[in-house]
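# Descriptive structure summary
Each chain, letter by letter, is given below.
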Protein chains: 2
Amino acid sequence: MIAALALPVTLTTPRQELVLRRARPEDLDALMALLSDDPISAARGDRAEQDDLPAYGQALVEVTEDPSNDLLLVEDAAGAVIATMQLTRIPGMARRGSTRLLVEAVRVSSSLRSGGVGSAMMRWVTDVAAPATGSSIVQLTSDEARVDAHRFYERLGFVGSHRGFKYAVDAAPRRAR
Amino acid sequence: MIAALALPVTLTTPRQELVLRRARPEDLDALMALLSDDPISAARGDRAEQDDLPAYGQALVEVTEDPSNDLLLVEDAAGAVIATMQLTRIPGMARRGSTRLLVEAVRVSSSLRSGGVGSAMMRWVTDVAAPATGSSIVQLTSDEARVDAHRFYERLGFVGSHRGFKYAVDAAPRRAR
């Protein structure tokens, strides 16, 4: 967890009040379901298969114990987990010693998209989490296929100025330190 | 520093043998010069101005003390600093609990570009640093204006599958925690 972030907080959307809080070990099934509730993620291997439980469980522990990372989720009034995102605080030399806040793995339950949940999450990131962590840049990458997501980020003031490159390290041992 | 990385190492290029090592406080001037030796970076404020020394110096300490980050530089046989890059190890849930290695702020001295320095650095990242840190993905973003850099990354096997978005947090306090 990133200690500088005061959580949980209430997020207000046009339809309902939501709670943004840190993920806990018992949220594992709900997080796996959210990650697989998306055709692009499913194509990359996030299919909520029971064989993958140990890998996801180990990742959940590692992310939540890391002082530079926070794994967050959004609960509706009934306590259902409807969205998630990961934040990483990255100090750096470029841009006159700017600290960056990286947002990864943003997922909103497919039944609730366009309901203001994602906007409320990202507004909290730019307006609350970034200043709280001393970050002057918030950055993220989004698959080129996610055209709707690109328009969403542009409406929020993000500028798609960069190309995001990925390299798959097939031979890497899974989860080894 | 990322403890799992065994440094320094020798990098071999067609022209010369180089040393890749961790940055130290006394490398501050050389790092500021490299960051400003690039028109795109200079336009973002990296101009190696003396007024910016404290901000860069504080960033250098913070990056090198962070257990998830490493600031590296390349020295030629005469001991001159000719290149730099930052690595960040990021555990995560997506892609079945994959750890990622993020590369930021890659800079090679303008007089030495196309001499194989960048290739040798990136090959070390994908073939040595990624497995050593348990990372199955290496990722980076590159300004859309850096067309030559995009071809360079594609030749190395990177896939430009994503759009990189940035949001400038003007009101954020500089360098506060």
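Residues numbered from 1 in each chain as written. Chains lettered and ligands numbered in written order. Predicted model: local features only at pLDDT ≥ 70, side-chain atom pairs only at ≥ 80, totals over all residues. Heavy atoms only, no water.

## Topic: the packing of aromatic side chains
Selection rule: Each Phe, Tyr or Trp ring (for Trp, its six-membered ring) is paired with any other whose centre lies within 6.5 Å, and the angle between the two planes then decides the class: stacked below 30 degrees, edge-to-face above 60, tilted in between. Relative accessibility decides the category of a residue: with a 1.4 Å probe and only protein chains considered, values under 20% of the type maximum give buried, values over 50% give exposed, and everything between is partly exposed. Comment: elements are numbered from the N terminus, with helices defined as DSSP H or I runs of at least four residues and strands as E runs of at least two.
Within the structure shown, the criterion is met by eight aromatic pairs over all chains. Ring centres of Y153 of chain A and F158 of chain A lie 5.6 Å apart, and the angle between their planes is 70 degrees; this geometry places the pair in the edge-to-face category. Judged by relative accessible area, F158 of chain A falls into the buried class, the value being 3%. Here the aromatic rings of F165 of chain A and Y153 of chain B are separated by 5.7 Å at their centres, their planes lie at 40 degrees, and the arrangement is tilted. Of this pair, F165 of chain A sits in strand β7 (residues 159-168) while Y153 of chain B sits in helix α6 (residues 147-155), which puts the two residues in different chains. On the basis of relative accessible area, F165 of chain A is assigned to the buried category, the value being 0%.

## Focus: helix α3 (residues 53-65) of chain B
Worth spelling out the cut-off: To estimate the expected span of a helix, count its residues, drop one, and scale the result by 1.5 Å. Any two residues whose heavy atoms approach within 4.5 Å are treated as being in contact.
Compared with an ideal rise of 1.5 Å per residue, which puts 13 residues at 18 Å, α3 of chain B spans 18 Å between its outermost C-alpha atoms and is within 8% of the ideal. Against β4 (81-90), α4 (94-97) and β5 (99-108) of chain A together with α1 (28-36), β3 (69-75) and β4 (81-90) of chain B lie the buried residues of α3 of chain B.

## Topic: the nonpolar core
Condition: Remark: nonpolar core denotes a set of buried residues (Ala, Val, Leu, Ile, Met, Phe, Trp, Tyr, Cys) joined through side-chain atoms within 4.5 Å.
Of all hydrophobic cores here, the largest spans 34 residues; its most connected members are V74, M85, L87, W124, V138 and F158 of chain A. For this core, the elements supplying multiple residues, two or more each, are β2 (17-22), β3 (69-75), β4, β5, α5 (117-132), β6 (135-143) and α6 (147-155) of chain A together with β7 (159-168) of chain B. In terms of residue count, α5 of chain A provides more of this core than any other element does, eight residues in total.

## What about the side chain of K166 of chain B?
Our working rule: The sign given to each residue is positive for Lys and Arg and negative for Asp and Glu; His and the chain ends receive no count. We define a salt bridge as a contact between a side-chain nitrogen of Lys or Arg and a carboxyl oxygen of Asp or Glu at a distance within 4 Å. Between N or O atoms, a polar contact is any pair within 3.5 Å; within protein, one atom must be a potential hydrogen donor and the other a potential acceptor, and residues adjacent in sequence are included only when both atoms are from side chains.
Examined against the element boundaries, K166 of chain B turns out to sit in strand β7. Buried and without a salt bridge, K166 of chain B has E104 of chain B as its closest oppositely charged side chain, separated by 4.9 Å. A distance of 3.4 Å separates a polar atom in the side chain of K166 of chain B from a polar atom in the side chain of T141 of chain B. Setting aside chain neighbours within four positions, we find K166 of chain B in contact with R95, R100, I137, V138, Q139, G157, F158, V159, S161 and H162 of chain A together with T141 of chain B.

## Considering the confidence of the model for chain A
All names here are of chain A. The cut-off we apply is this: Values of pLDDT, ranging from 0 to 100, describe the predictor's confidence in every residue of the model.
Mean pLDDT over chain A stands at 92; residues scoring 70 or higher make up 96%. For chain A, per-element mean pLDDT is lowest for helix α2 (residues 39-43), which scores 81, and highest for β3, which scores 98. This model gives residues 171-177 a pLDDT under 50, and the stretch forms 24 contacts once residues within four places in sequence are excluded. The complex prediction reports pTM at 0.92, with the ipTM value standing at 0.91.

## A few points about the pairing of β6 of chain A
All names here are of chain A. Where we set the bar: Whether two strands pair depends on DSSP finding at least two bridges between them. A clockwise course of the path from the first strand over the helix to the second, judged with the strands pointing away from the viewer, identifies a crossover as right-handed.
Burial of β6 is extensive: eight of the nine residues sit out of reach of the surface. Direction of pairing for β5 relative to β6: parallel, over a ladder of four bridges. Note that in β6 the partner of L101 across the bridge is V138. Note that the unit made of β5, α5 and β6 has a crossover that is right-handed.

## Digging into empty space enclosed by the protein
Applicable threshold: Of the grid points, spaced at 1 Å and generated over the protein atoms alone, those admitting a 1.4 Å probe that cannot get out make up cavities, while open sets with protein on both sides within 12 Å along at least five of seven lines make up pockets; any residue with an atom within 4 Å of a point is treated as lining. Grid points are joined across faces, edges and corners, and a volume is the space filled by probe spheres set on the points. Asp, Glu, Lys and Arg are counted as charged, while Ala, Val, Leu, Ile, Met, Phe, Trp, Tyr, Cys and Pro are counted as nonpolar; the rest, among them Gly, fall into the polar class.
The full count for this structure, using the stated rule, is eight cavities of 30 Å³ or more. For the lining of the largest cavity, the secondary-structure elements that each account for two or more residues are β6 of chain A together with β5 (99-108), β6 (135-143) and β7 of chain B. Within the lining of the largest cavity, the residues separate by chemical class into five nonpolar, five polar and two charged. Lining of the second largest cavity is provided by Q86, E104 and A105 of chain A together with I90, P91, G92, M93, A94, S98 and R100 of chain B. When grouped by side-chain class, the residues that make up the lining of the second largest cavity number five nonpolar, three polar and two charged.

## What about the pairing of β2 of chain A?
Residue and element names in this part refer to chain A. Sheet analysis places strand β1 (residues 9-12) next to β2, joined by four bridges and oriented antiparallel. Looking at β2, one finds that T10 is bridged to V19. Counting the residues between successive antiparallel strands, the hairpin from β1 to β2 contains four residues. Across four bridges, β2 lies against β3 in antiparallel orientation. Across the sheet, residue L20 finds its bridge partner in β3, namely V74.

## Here's the deal with the relation of the copies chain B and chain A
Which entries qualify depends on this criterion: What sets the superposition is a least-squares fit of C-alpha atoms, and only residues with pLDDT of at least 70 in both copies go into it.
The operation relating chain B to chain A is a screw motion whose rotation component is 180 degrees, with 0.0 Å of axial translation and a residual RMSD of 0.0 Å. Such a combination of turn and shift is consistent with a two-fold rotation axis. Counting the interface residues of chain B, we find that 100% of their copies in chain A are interface residues as well, pointing to one common contact surface.

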